[in-house]
Amino acid sequence: MENVPAAFPATSIMWQGFSDFSAGAMGGTACVFAGQPLDTVKVKLQTFPTMYRGALDCLAKTIKEERLQGLYTGTVPALAANIAENAILFAFYGLCQKVVQNISGVDNVNNLSSLQSATAGSMAAFFSSIGLCPTELVKCRLQAIKEMAAEGRVATANIGPWGMTKQIVRQEGFRGLFQGMTSTWAREVPGYFFFFGGYELSRKLLTPAGKTKDDLGPMRLILCGGVAGSCLWASIYPIDVVKSRIQVYSLSGRQAGFMAVFLQILRTEGVHALFSGIGPCLIRTFPANGALFIAYEYSRKSLLQLGENFGL
């Protein structure tokens, strides 16, 4: 984040916020198109681990039974989820960086330590979770709808994003869209501490002498994004498994709370079930988060330059 110029301070802050929000939306879009197939495999393995022998078996069966388009099931809500999450996340990340800067007495947000940036990211994730939960609920249910129908948990697998949304509201009310909100917060708040901490630390380590972090090229940004995603998923993956179970299984009836589902998985399936699908998840994180940060950093830089040209 750059310093706010002395002239037009309020306008500058608003433009920075708009730039962060818009760049986050662009990053979320790029993330979905780069990582959706492996995200579908991850959700299927998380919710129905006994149906498949592993990630490759799940991938092959999905393509065989649902064709290639089966890997992109839930893309519309995934786009909505990622655009909403990342637009809000990066907008609040910029704001929270300024809060941390003021509290810590640092003269410039560019001089925040990796730990301080991680704290700002964790704070921002609280707000982005609210926009993420409803859209991710629809996405997860659509991604696992075939398996739900195969087990007789739902009557039909022929339903789209809008139909699923209307069904949730009709059967569970508006509050039903926030099924899994607690587990979403439990995943996002600590997860994005490690996500932004890993990203900022890797940017710092990969910045050549005499250059700034803003000068990193695409390949280094992809590496930084992969490190950030790996830090996130390695730290909170079991929580994500519980969240997916709550959101998908609640389609056939209201589910128990986070701790009850967590203990049930441990008791009936063992610890390994909490890591079902982690392989494709970690593989996915490099192209997906690499695309996210390339889109975010370059579009944000362009928007800030545009604002500077127009005196905003």
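Each value, and the rule that gives it
Residues numbered from 1 in each chain as written. Predicted model: local features only at pLDDT ≥ 70, side-chain atom pairs only at ≥ 80, totals over all residues. Heavy atoms only, no water. UniProt positions renumbered as here; feature names shortened; annotations may be inferred. Helix = DSSP H or I, 4+ residues; strand = E, 2+ residues; numbered from the N terminus. Buried < 20%, exposed > 50% of the residue type's maximum accessible area, 1.4 Å probe, protein only. Polar contact = N/O pair within 3.5 Å; in protein donor to acceptor, adjacent residues only side chain to side chain. Contact = heavy atoms within 4.5 Å. Disulfide = S-S within 2.5 Å. Axes fitted to C-alpha atoms, helices over the stretch in contact; angles between N-to-C directions. Parallel < 35°, antiparallel > 145°, perpendicular 65-115°, else oblique. Left-handed = near helix turned anticlockwise from the far one by under 90°. Nonpolar A, V, L, I, M, F, W, Y, C, P; charged D, E, K, R; others polar.

## What to know about the UniProt feature "repeat: Solcar" (unreviewed entry) in the protein chain
- According to UniProt, the "repeat: Solcar" (unreviewed entry) feature falls on residues 15-99, 112-205 and 216-302.
- As a span, residues 15-99 carries 82% helix and 0% strand, and end to end its C-alpha atoms are 17 Å apart.

## A word on the side chain of Thr47
- Turning to its location among the elements, Thr47 is positioned in helix α1 (residues 9-47).
- For Thr47, a relative accessible area of 0% corresponds to the buried category.
- Within the structure, Thr47 has its side chain in polar contact with the backbone oxygen of Val43 (distance 2.7 Å).
- When sequence neighbours within four positions are dropped, the list of residues in contact with Thr47 reads Ala144, Ser244, Arg245, Val248 and Tyr249.

## Examining the state of the cysteines
- This structure, assessed with the given rule, holds zero disulfides.
- This cysteine, Cys31, is not joined by any disulfide, and Cys281 carries the nearest cysteine sulfur, 11 Å off.
- No disulfide involves Cys231; its nearest neighbouring cysteine sulfur is the one of Cys224, lying 11 Å away.

## A short note on the packing of helix α8 (residues 218-249) against helix α10 (residues 278-309)
- Direction vectors running N to C along α8 and α10 enclose 135°, while the axes themselves pass 7 Å from each other. With respect to each other, α8 and α10 are oriented oblique. Pair α8 / α10 crosses with right-handed handedness. Contacts between α8 and α10 involve Pro218, Leu221, Ile222, Leu223, Gly225, Gly226, Val227, Ala228, Gly229, Ser230, Trp233 and Tyr237 from the first element and Ile278, Cys281, Leu282, Arg284, Thr285, Phe286, Asn289, Gly290, Phe293, Ile294, Glu297 and Tyr298 from the second.
- Across the contact of α8 with α10, the residue classes break down as 15 nonpolar, seven polar and two charged.

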